[in-house]
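Here's the letter readout for the chains.
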Amino acid sequence: MQETRLGQTMHHTSSTQPFGVTHATTAHTVSLALTIHERAAIHQGRWFRDLPAATQQALLEHARLRVLLAGEPLCRHGIARDDWFAVCRGQVRMNGVFVNGKVFTLSFLRAGDWFGQLSSVDDMPQMVDAVAQTDCTVLSIRADAMKQLVSAHPSLLEALLRMSYARLRELARVVEELHTLPLEARLARKIMQLAQRENTDPTLAVLRLSQQDWADLLGASRPRVNSHLKSLQRDGVIHLEHRCLSVIDATRLSQIAQLEPVRRYAMAS
């Protein structure tokens, strides 16, 4: 992982090529500045977009830019991590941990989503893992800077609380579905939720997740989830090819998910 202030240039000697690398003779230079698309993603995210302009500018001025490869961790459960994050490019996987140590996936965050928890302003340990699902670029703001920003911009604390409550509501919904819905319905709901995040028409979305990713999202075994995926494909509801899933029959999928009419999920971003 590489980290620097926005706009700063670093020299990197690894053979790995993170985003934005240009070759030199024996080393390559990494320009760690937001691209046009990354900056647009940040400003289009609903949470950031609703902040006052002065608060937006203050957040960016205190942010550091990080480039991560798929699988690299941002924060770990039970460890005090002092950053608040924004995804600029790629996806970040948010994991919870059962009391027996088993990890399950809470959600996937994409470009424009901000995340963290109030541990970044109250010094409590993290309650989740955050891991790069793909190669990605994120902004991070350290705890001391965040505390200063909250003091200087009262609207920021309110916005952070709204985000935290939205995450808690989403977690409560997941727990409710875990105890009240069969696995097939939960799988159908998760497919619909993720597809609608990608496109307002779920049949135009392509979800790139492995069978293990789907199992982790549902807190179920891979063979059970795979069996239901194959059943949905056999019935003409979805199409599977390698790690790609697309929705063919959104109406039927919503019926299996016990969502009538088709419900659109709101996520904090």
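As a reminder, the structure under discussion sits directly above these lines.
These figures come from a predicted structure and were not determined experimentally.

Visitor: Describe the environment of Gly-71, listing the residues and the values that go with them.
Guide: In this fold, Gly-71 is placed in the loop between β5 (64-68) and β6 (73-75). What makes Gly-71 partly exposed here is its relative accessible area of 46%. As for Gly-71 and Val-131, which are separated by 60 residues in sequence, their C-alpha atoms are 6.0 Å apart. With sequence-adjacent residues up to four places away left out, Gly-71 is seen in contact with Val-131 and Ala-132.

Visitor: Explain the nonpolar core residue by residue, including any values.
Guide: Judged by nonpolar contacts, the single largest core of 28 residues is most densely connected at Ile-191, Trp-214, Val-225 and Leu-229. Broken down by secondary-structure element, the contributors of at least two residues to this core are α7 (183-198), α8 (211-218), α9 (222-234), β15 (244-247) and α10 (250-256). Per-element tally for this core: the top contributor is α7, with 7 residues. Apart from the residues lying within four places of it in its own chain, the contact partners of Val-225 are Leu-183, Leu-187, Trp-214, Ala-215, Leu-218 and Ala-220.

Visitor: Break down the side chain of Arg-186 for me, citing the residues and quoting the values.
Guide: Take Arg-186: it is sitting in helix α7. Put simply, Arg-186 is tucked away with no salt bridge, and the nearest opposite charge, on Glu-177, sits 6.6 Å away.

Visitor: Kindly report on the side chain of Thr-55, identifying the contributing residues and their values.
Guide: Examined against the element boundaries, Thr-55 turns out to sit in helix α3 (residues 53-61). A distance of 3.4 Å separates a polar atom in the side chain of Thr-55 from a polar atom in the side chain of His-153. Sequence-distant contacts of Thr-55, that is, excluding residues within four places in its chain, are made with His-153, Ser-155 and Leu-156.

Visitor: Residue-level account of the pattern of salt bridges, with values.
Guide: With the rule as written, the count across this model stands at 7 salt bridges. With a shortest N-O distance of 2.6 Å, Glu-170 and Arg-173 are connected by a salt bridge. Note that Glu-170 and Arg-173 are positioned in helix α6 (residues 154-180) at a spacing of 3 residues, about one turn of the helix. With a relative accessible area of 14%, Glu-170 lands in the buried category. One salt bridge in this structure joins Arg-189 and Glu-177, with 3.0 Å as the shortest N-O distance. Taken as a pair, Arg-189 in helix α7 and Glu-177 in helix α6 lie far apart in primary sequence, 12 residues in all. With relative accessibility at 12%, the residue Arg-189 sits in the buried group. What makes Glu-177 buried here is its relative accessible area of 8%.

Rules of the game
- Residues numbered from 1 in each chain as written.
- Predicted model: local features only at pLDDT ≥ 70, side-chain atom pairs only at ≥ 80, totals over all residues.
- Heavy atoms only, no water.
- Helix = DSSP H or I, 4+ residues; strand = E, 2+ residues; numbered from the N terminus.
- Buried < 20%, exposed > 50% of the residue type's maximum accessible area, 1.4 Å probe, protein only.
- Contact = heavy atoms within 4.5 Å.
- Core = buried A, V, L, I, M, F, W, Y, C linked by side-chain atoms within 4.5 Å.
- Lys, Arg positive; Asp, Glu negative; His and termini not counted.
- Salt bridge = Lys/Arg side-chain N within 4 Å of Asp/Glu carboxyl O.
- Polar contact = N/O pair within 3.5 Å; in protein donor to acceptor, adjacent residues only side chain to side chain.

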